[in-house]
Amino acid sequence: MRQRLFGWGRHPDVEAWQIEGEDLEAITSDVVLTRGLGRSYGDASLPPPGPLRVAATRRAERILSFDPTTAVLHAEAGLSLEHLHGVLLERGYFVPVTPGTEQVTLGGMLAADVHGKNHHVAGTIGSYVQALRLRLPDGSIKRVDAANSSQDLRELFHATIGGMGLTGHILDVEMRMEAIATPWLVESSQVENDLESLIAALRCAAHEWPFTVAWADLMAHGAGKGRGILLKGRWAELSQSHAQAPRRSRQLTIPCAAPHALLSNFTIACHNTLRMAAARRAPASRLTTPQRFFYPLDRVGRWNLLYGRRGLTQYQCVLPWDPGMTSYRRLVDIATRHGAGPFLCVIKDCGAAGAGLLSFPMPGISFAMDFPIVDGVTQSLVDDLNDHVATVGGRIYLAKDAFTRRLHFEAMEPRLGRWRELRRRLDPQRRVRSALGDRLLD
Ligand SMILES: Cc1cc2nc3c(=O)[nH]c(=O)nc-3n(C[C@H](O)[C@H](O)[C@H](O)COP(=O)(O)OP(=O)(O)OC[C@H]3O[C@@H](n4cnc5c(N)ncnc54)[C@H](O)[C@@H]3O)c2cc1C
């Protein structure tokens, strides 16, 4: 069907033919790109402009096998995390690395090599993938094993993990799940009054807690800008599950694009103040569900519509560890000086980089900031942020990006030459393409 496609930020959009079906081998035979549920924010899941065909995998969502002794799952690439957890959570298994939404497919998770709140101890999803079946740009289909393949296939594997769909179409995946003692988590939060204390507390918590994340209030003024809440969690043990199990929360859905004034610096500043006050009153530790802990935003369906018709962009970067924290303070100063947000800022502690050739995380601190798109402002905001990130040796996350310029990306990515060389060998006629690839990678 010919339709207008966009990512989660609803900017940019592209008219294209989208083909769906249960048979991934069939629907990927003549398309330029494969996409999942479109939860990447920018143009990663979009074809370049023109009358091109893309495959959407959401109907290819079968679990092909699951071995409880090894916890190895074999499933089609269109399987969503929500569906997977619906089957395996009650049986005592969870995905070892999860992004902040359950509305993603296995193929999309691998192509972006997603990270979660446990990156400091668990790395990215790519480390748990044992093999995948891939339709290559020349049309052939290969099973690529992470450990037992030839050097060429191993290189292809590492270019595919984090390769944003540009090495071919992932058909199915073999991946290790994590065995968990209970389907609940113990969570604990603490409030910090400035950015530096918040990041110091995040780093310190990494020694004791497998899941950590910080939310920062960038609407606060002066030294308080960047104050926030650190959230820590771990899977509950059987002995802790006698406490009353928390109930799954109900979902709201935003029906249409909101008027522009609904989210503004003023309304977000009020929300942030209330959130800080509530966090100060919260009990020291409590039991919660994976849905509440990992996916708080999924409780509001289509929340991206709150940003109105122009949409939003999420700017996510990782900056190397900076003991003085001046590069972090400078980043939030740049982010706030244009006067349009950010309305949300999430900070994570990143551990060692994975083996994916273009995988995003590296040791340091990651900032993910949501900005409403404002004509004449957003591009210069992203340019300024990118100047800073490139100068201090950081990099940006392709799954979130819509505005980065090629020169900035090249300045941040010493690994790009190797990836481009492999892609030229694999796809000399550029049969597989995306809007993001044309903008930054090829
Ligand atoms: C609320 C929210 C929270 C998020 N939190 C995190 C987070 O904490 N950590 C994180 O890492 N990411 C996070 N993300 C980003 C998200 O996890 C990634 O963008 C993920 O790739 C989206 O999966 P998808 O199935 O929707 O893929 P899409 O967005 O449809 O596609 C993403 C990329 O994967 C490629 N792709 C998809 N399927 C295939 C396939 N079968 N074969 C080949 N290529 C394919 C596409 O071409 C595209 O390049 C978040 C996104 C949202 C909306």
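Residues numbered from 1 in each chain as written. Predicted model: local features only at pLDDT ≥ 70, side-chain atom pairs only at ≥ 80, totals over all residues.

## Quick notes on the sheet that holds strand β14 (residues 227-235)
(1) Moving on: Within the open sheet, the 8 strands sit side by side as β16-β12-β14-β13-β19-β20-β18-β21. Their pairing is antiparallel. Both edges of this open sheet fall to β16 (286-288) and β21 (395-396), since each of them pairs with a single strand only.
(2) Moving on: As paired strands, strand β13 (residues 211-217) and β14 are joined by 7 bridges and run antiparallel to one another. Within β14, the position partnered with Thr212 by the bridge is Lys232. (Pairing = 2+ DSSP bridges. Helix = DSSP H or I, 4+ residues; strand = E, 2+ residues; numbered from the N terminus.)

## Considerations on the site of the ligand
(1) Moving on: Looking at the ligand, there are 34 residues lining it, with Gly36, Pro99, Gly107, Gly108 and Gly165 nearest.
(2) Moving on: Elements with a minimum of two residues in the shell around the ligand: β3 (33-35), α3 (106-112) and β10 (169-176).
(3) Moving on: Top element by residues in the shell around the ligand is α3. It accounts for 5 residues.
(4) Moving on: Taken together, domain 1 (2-56) and domain 2 (63-180) each give at least three residues to the shell around the ligand, which thus spans both. (Near = placed C-beta within 6 Å. Domains from an automatic or database assignment.)

## Quick word on the domain arrangement of the protein chain
In many analyses, interface size is given as the accessible surface area lost on bringing the parts together.
(1) Moving on: Along its sequence, the protein chain is organised into domain 1 (2-56), domain 2 (63-180) and domain 3 (185-411).
(2) Moving on: Distance from the C-alpha centre of domain 1 to the C-alpha centre of domain 3: 27 Å.
(3) Moving on: Facing 10 residues of domain 1, the contacting portion of domain 3 comprises 12 residues.
(4) Moving on: A per-class count over the side of domain 1 that touches domain 3 returns 4 nonpolar, 4 polar and 2 charged. (Contact = placed C-beta atoms within 7 Å. Nonpolar A, V, L, I, M, F, W, Y, C, P; charged D, E, K, R; others polar.)

## Concerning the sheet that holds strand β8 (residues 129-135)
(1) Moving on: What the 5 strands build is an open sheet, ordered β5-β6-β10-β8-β9; its pairing is antiparallel. This sheet does not close on itself; its edge strands, each paired only once, are β5 (63-67) and β9 (141-145). Between one strand axis and the next, the sheet turns by 10 degrees as a mean value, whatever way the strands run.
(2) Moving on: By the bridge criterion, 5 bridges tie β8 to β9 in an arrangement that is antiparallel. Across the sheet, residue Leu134 finds its bridge partner in β9, namely Lys142. (Axes fitted to C-alpha atoms, helices over the stretch in contact; angles between N-to-C directions.)

## Remarks on the nonpolar core
(1) Moving on: Grouped together as the largest cluster of nonpolar side chains are 109 residues, with contacts concentrated most on Leu110, Val173 and Ile347.
(2) Moving on: The contact partners of Ile347, leaving out residues within four places of it in the chain, are Leu198, Ile199, Leu202, Ala214, Ala216, Ile365, Ser366 and Phe367.
(3) Moving on: Trp184, Leu185, Val186 and Ala236 belong to the second-largest nonpolar core, a separate cluster that totals 7 residues. (Core = buried A, V, L, I, M, F, W, Y, C linked by C-beta atoms within 7 Å. Buried ≥ 20, exposed ≤ 12 C-beta atoms within 10 Å, placed from the backbone.)

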